[in-house]
Every structure is written in C-alpha cells, then in structure tokens.
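Observations on the three-dimensional arrangement
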Amino acid sequence: MSEILRVENLWKSFGKLTVLKGVNLTLNRGEVLVIVGPSGGGKSTFLRCINHLEKPDRGRIMFDGQEVDESKVNINQIRSKIGMVFQQFNLFPHLKVVENLTLAPIKVKGLEESEAMEKARRLLEKVGLIDKIDSYPSQLSGGQQQRVAIARALMMDPDLMLFDEPTSALDPELVGEVLDTMKSLARDGMTMIVVTHEMGFAKEVADRIAFMEDGNFVEEGPPKEFFKNPKNPRTREFLSRILNV
Amino acid sequence: MPYWLEVPIKSFPYLLKGAVTTLEVTSLSVLLGLLIGTFVGMGRLSRNPIFSRPATVYVEFIRGTPLLVQIYIIYFGLPSLGLNLPKFPAGIIALGINSGAYVAEIVRAGIQSISHGQYEAARSLGLTHWQAMRYIILPQAFRNILPALGNEFIALTKDSSLVSVIAITELLRAGQIVISRTFQSFSVYFAVALLYFVMTFTMSRMVRWVEKRLAIP
C-alpha cells in the first residue's frame, strides 16, 4: 500500500486557544479513517488544515509527495485533488445542481462543457439524483443536498475525500441515504477521512478509527479492537457515553 | 390656454431632451460607480492593509464631503493642476466617484451577507480567490443588494441635477434656461420635478422586476 498523506507535528491556535497540539498521521491509498471524539477536540480543524482552509502554525503536511504549503506549491491544484464535504453542505444556491457540479471542473481543470456535463450525469446517476439535475439546491432535501455535495467533490477526481460531520445537520431519517452514498464510495476504493458521530458507519466502513481529544490523537486502531478493548480511559469514557444512549 | 401652462407644454420637447441628458449622465455614472464600488468594496474587506486602508480613506472622504464640492474640485480645481476635463467627462467622473463610495459600502455588506462556507466550498474545489469571488460570492451578493443598489441609482439620478452647475444641460438646467426666457418658475420647475419623478419611479419598478427575475428559487 502506498502512502498518500503524511501529517507531521501539526500545530494550530486561534488566538490564545491551541486547538491542535502536534498531530501526526499517515494514511495509505484506499484507506478509510474515521475520526471520532468530543466536540472542540480539534477534529474539524485538523481536517481543514489538510487542504489549508486553515493555515497550520507549525508542522508539515505531505500529500501525494507534495508539501501542502501555499508558499511552496500551487494550493489550488492540490485542493482540486482533495475533495471536501461540509456539515452545512455549502452547495451554491444560485446555481442549478448540474452547474454546482460542472463549475469547478470547467474553470479549474479546463474541461469542455460537454465533457463536464457527461461526467455530471454519470455522478448524479451514481448518487441517485439524476432527476434533480436541473433543480436548485433549495428545492432538495438536506440528504439530497449532501449527496449532490459529494458528487460535486467527486467531479474533480479527488485522490482523497474529507468529510466534516457530513450527517450532523441532517434530520435523522435522512442520515441513512448519505451514509449509503459514502459506503459505496468506500467500497469503490476511495481514500477517505471522515469526522463523524455515526458509530455504526465507523464500525462497518472504517479501516481505522482514531480518537481525538484536546488537540491530539489519543488512541487509534481497527474498529473491532477500538470498540471492544479501548485502551485509553478517555476513549472508554467517550464510548460509554455515546454507545449507551 | 394661460401662459403659465403654455410655457411648460411648448417647451416640453426641450425639457425632454434635458431628461435624456440626465439619463445619459446618470447611467454612465452608475456604471463607473459600480465598477469602483465593487473593487473598493472588496478592498475594504481585504486582510491586506495595502488594499483596505486606501479603500477606507476613499469611502470616508467621499461620504464626508459634499458632492457639489467634489464636482467643483474636478471641473474647476483640476485645471489649475493642468488637467482640463470637458464638462461631460468631469460631471460623470465626479458623480461616479461619489457613487462609488456608497456602492462600495453596499457591496461590502453584500459580500459579508454570504456565508463563509460558500467561499470555503469554492476554494476547496480548487477555485482561486478571484474565481470564487466572480462565480460564487459576487453573484449571490449582488442578488442580495439589488434593492439597496436600486436606491443608490435613484439617489444618483436626483443628485445628477447638481452637474447643472458646470453647464451640462441636463433636466434641471434645461428648465432654468426656459425660465430665464419666460419667467414661469412654478410651472416649469413643477414640470421638471414631474419628469424626475417619472424617471425614478420607472427605475424603482425596473429594479423590482429584475429582483424578481433573478430571485433564487
């Protein structure tokens, strides 16, 4: 297995608040990593540092052999290889579904409009929303919007997908359809980092689960071990709190 | 027909010509103001003080000084520095620079009204800052600020009467010329006011129509 992402000693503060405290991580191609942990523990910030939506204060991020650093490489080119799905979907409300999908491939990658259209159709087919191709985001349910957002990220042929609590803003009955889309993506071999509270998804799909608290990974391992024999007392406490609802 | 009524009716074509000039001056100033305002509005929000400082100074200075004085500076003041502008360009530039400051504040508010997530989503797809602005942020911002921009353009239409002082024969000055020959101040000024009202009312209706057309479903 070849390495696609390596994070070394990553630090990030917002004012006086230090959110990431020397985080390390390596991820191989095709791996699905699920990050869990209490809110405020730095999960989202860590994810957002990977594609430099937040600029880390210290540390190094290597993606596919290139250092992710705005002053050294073309950050836009790297971002186009890292798909990101947000908690709030962030679809572009003034553009139709199909335009949401085709804008970046045309403007960033220079795809022909016809090529981009064809690809958009294929991906909308895949997420089961081909009939919404000419709708506007506001005409879709939350779950549908999030599936469109996933398709939008896939349009760029990313080598890595980042999911920042993709189901947290959804009504409970809409969570399943989004998780199903993500599962099928994982089955297709996509490399993914998923920040989520969906333990069922973690158990079923993750190759590794990592527990982040107070700015660092406290424990990580394959899901079976992680859920059965958590070693760290913090992890145990967290798991007992969310599993015994 | 009484003389006071005959004058505005007979001179109506002449007043109308003035109104057309008003529209010409206003629309060119609106374009200039939009152009300036869009960039200055973005500049105000820049984290780089090289852009934000001058933008702030411009907005504060223009909004804090009378338009009439600004017109005088550009038409009567600049020639003493060796820059002679003909009256039309001078009037349009003065109005455009003035409007730009107000438009900048509207644009700034418009950009701030768009959630930061929109910008991040655009950047996460690999769009550059300018592409994100051009395709994602500004189109949404302009939809939100259309009513405010409409008000600004209507205000500018009325303010354009001030360029009568540099001998541009727009609507107000056309009226003054008629009055200087006929001494029918009330009826002629009233006709002038009516013509302004027809223009501004039409504009406010047009803005509303555009607003509806561009509304996001």
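Note that the coordinates shown come from a computational prediction; the quantities given were computed from them, not determined experimentally.

**Section: the overall build of chain A**
- The helix and strand inventory of chain A stands at nine helices and 10 strands.
- Of all 245 residues assigned to chain A, the portion counted as buried reaches 57%.
- Summarising the internal contacts of chain A: among those between residues at least 6 apart in sequence, 66% fall at separations of at least 24.
- Surface summary for chain A: the accessible area is close to 10,700 Å², and the carbon and sulfur share equals 44%.

**Concerning the sheet that holds strand 10 (residues 216-221) of chain A**
Residue and element names in this part refer to chain A.
- Sheet architecture is open: six strands sit in the order 6-7-8-3-9-10, paired in mixed fashion. At either margin of the open sheet sits one strand with a lone partner, and together these are strand 6 (82-85) and strand 10. Strand-to-strand twist across the sheet, computed as the mean angle between neighbouring axes with direction ignored, equals 20°.
- Relative to strand 10, strand 9 (residues 208-213) runs antiparallel, the two being bridged by five bridges. What sits directly across from M212, in strand 10, is F217.
- Lying over the sheet, helix 5 (residues 142-154) contacts strand 6 and strand 7 (160-164), oriented at roughly 170° with respect to strand 6.
- In this fold helix 9 (residues 233-243) packs onto strand 3 (32-36), strand 9 and strand 10, with an angle of close to 100° to the strand it touches most, strand 9.

**Describing the side chain of E170(B)**
Residue and element names in this part refer to chain B.
- Examined against the element boundaries, E170 turns out to sit in the loop between helix 7 (129-159) and helix 8 (171-182).
- At 6.6 Å, R173 is the nearest oppositely charged side chain to E170, a buried residue that forms no salt bridge.
- Within the structure, the side chain of E170 is placed 2.9 Å from the backbone nitrogen of R173, a separation counted as a polar contact.
- Within polar-contact distance, the side chain of E170 engages the side chain of Y196 at 3.2 Å.
- Other than its neighbours up to four places away in sequence, E170 contacts G18, T21, T22, S160, S161, V163, S164 and Y196.

**Side note on the interface of chain B and chain A**
- Contact with chain B, which involves 19 residues of that partner, is made by 26 residues of chain A.
- Of all residues in chain B, S124(B), L125(B) and P217(B) bury the most surface against chain A, accounting for 31% of the area lost on that side.
- On the surface where chain B and chain A come into contact, there are one salt bridge.
- For the salt bridge of E120(B) with R48(A), the shortest nitrogen-to-oxygen distance reads 2.5 Å.
- For the pair chain B and chain A, the interface holds eight residue pairs in polar contact (both at pLDDT 80 or more).
- Broken down by secondary-structure element, the contributors of at least two residues to the side of chain B that touches chain A are helix 6 (116-124) and helix 7 of chain B.
- Considered class by class, the residues forming the side of chain B that touches chain A number nine nonpolar, seven polar and three charged.

**Notes on the nonpolar core**
- Core analysis: the biggest nonpolar cluster contains 73 residues, and L5(A), F46(A), I50(A), L160(A), I193(A) and I136(B) have the highest contact counts within it.
- Sorting elements by how many residues they give to this core places helix 7 of chain B first, with 12 residues.
- In this structure L5(A) touches L25(A), T26(A), L27(A), I50(A), I61(A), M62(A), F63(A), L160(A) and I193(A), once residues within four positions along its chain are discounted.
- The next biggest cluster of nonpolar side chains, apart from the first, holds 47 residues, and it includes A151(A), M190(A), M192(A) and V194(A).

**Here we look at the packing of helix 2 (residues 12-45) of chain B against helix 8 of chain B**
All names here are of chain B.
- Contact geometry for helix 2 and helix 8: axes closest at 7 Å, N-to-C directions at 155°. Judged by the inter-axis angle, helix 2 sits roughly antiparallel to helix 8. The two elements helix 2 and helix 8 cross, and the hand of that crossing is right-handed. Across from Y14, L15, G18, A19 and T22 in helix 2, the residues of helix 8 making contact are L171, A174, G175, I177 and V178.

**Notes on the confidence of the model for chain A**
- Model confidence for chain A is summarised by a mean pLDDT of 94, while 99% of its residues fall at 70 or above.
- For chain A, per-element mean pLDDT is lowest for helix 9 of chain A, which scores 87, and highest for strand 7 of chain A, which scores 98.

**Side note on the sheet that holds strand 1 (residues 3-14) of chain A**
All names here are of chain A.
- Spatial strand order, 2-1-4-5: four strands in an open sheet with antiparallel pairing. Each having just a single partner strand, strand 2 (17-28) and strand 5 (66-67) make up the two edges of the open sheet.
- Running at roughly 120° to strand 1, helix 1 (residues 43-50) makes contact with strand 1, strand 2 and strand 4 (58-63) of the sheet.

**Notes on the environment of F153(B)**
Residue and element names in this part refer to chain B.
- The residue F153 is located in helix 7 in this model.
- Judged by its relative accessible area of 15%, F153 is buried.
- In the structure, F153 is positioned 144 residues away from I9 in sequence and 28 Å away in space, judged by C-alpha atoms.
- In contact with F153, other than residues within four places in its own chain, are T26, V30, L34 and M203.

**Some thoughts on the pairing of strand 7 of chain A**
Residues and elements named next belong to chain A.
- Most of strand 7 is tucked away, with five of its five residues classed as buried.
- Here strand 7 shows no split at all, with L160, L162 and D164 on one side and M161 and F163 on the other all buried.
- Here four bridges tie strand 6 to strand 7, and the two strands are oriented parallel to one another. Its bridge partner lying in strand 7, G83 is registered against M161.

**Here we look at helix 4 (residues 113-126) of chain A**
Residue and element names in this part refer to chain A.
- Counted at 1.5 Å a residue, the expected span for helix 4 with its 14 residues is 20 Å, and the 20 Å between its end C-alpha atoms agrees.
- Those residues of helix 4 that fall on the buried side of the exposure criterion are A116, K119, A120, L123 and L124. Summarising the axial view, the buried residues of helix 4 lie within an arc of 135°, below the 170-degree limit, and thus occupy one face. In helix 4, the exposed residues that point more than 90 degrees away from the buried face are S114, E118, R122 and E125.
- At its buried positions, helix 4 is contacted by helix 3 (97-109) and helix 5.
- Positioned one or two residues after helix 4, G128 has a phi angle of 75°, which is positive.

**Describing the pattern of salt bridges**
Residue and element names in this part refer to chain A.
- Across all of its chains, the model carries 24 salt bridges over all chains by this definition.
- For D157, the salt bridge identified is with K119, shortest N-O distance 2.7 Å. Taken together, the residues D157 in the loop between helix 5 and strand 7 and K119 in helix 4 connect sequence positions 38 residues apart.
- With a relative accessible area of 37%, D157 lands in the partly exposed category.
- The buried category is assigned to K119, whose relative accessible area is 12%.

Here is what the cut-offs are and how they apply
Residues numbered from 1 in each chain as written. Chains lettered and ligands numbered in written order. Predicted model: local features only at pLDDT ≥ 70, side-chain atom pairs only at ≥ 80, totals over all residues. Heavy atoms only, no water. Helix = DSSP H or I, 4+ residues; strand = E, 2+ residues; numbered from the N terminus. Buried < 20%, exposed > 50% of the residue type's maximum accessible area, 1.4 Å probe, protein only. Contact = heavy atoms within 4.5 Å. Areas by Shrake-Rupley, 256 points an atom, 1.4 Å probe, with all protein chains shown as cover. Pairing = 2+ DSSP bridges. Axes fitted to C-alpha atoms, helices over the stretch in contact; angles between N-to-C directions. Lys, Arg positive; Asp, Glu negative; His and termini not counted. Salt bridge = Lys/Arg side-chain N within 4 Å of Asp/Glu carboxyl O. Polar contact = N/O pair within 3.5 Å; in protein donor to acceptor, adjacent residues only side chain to side chain. Buried area = accessible area lost by both parts, 1.4 Å probe. Nonpolar A, V, L, I, M, F, W, Y, C, P; charged D, E, K, R; others polar. Core = buried A, V, L, I, M, F, W, Y, C linked by side-chain atoms within 4.5 Å. Parallel < 35°, antiparallel > 145°, perpendicular 65-115°, else oblique. Left-handed = near helix turned anticlockwise from the far one by under 90°. pLDDT = per-residue confidence, 0-100. Expected span 1.5 Å × (residues − 1). Arc of directions from axis to C-beta.

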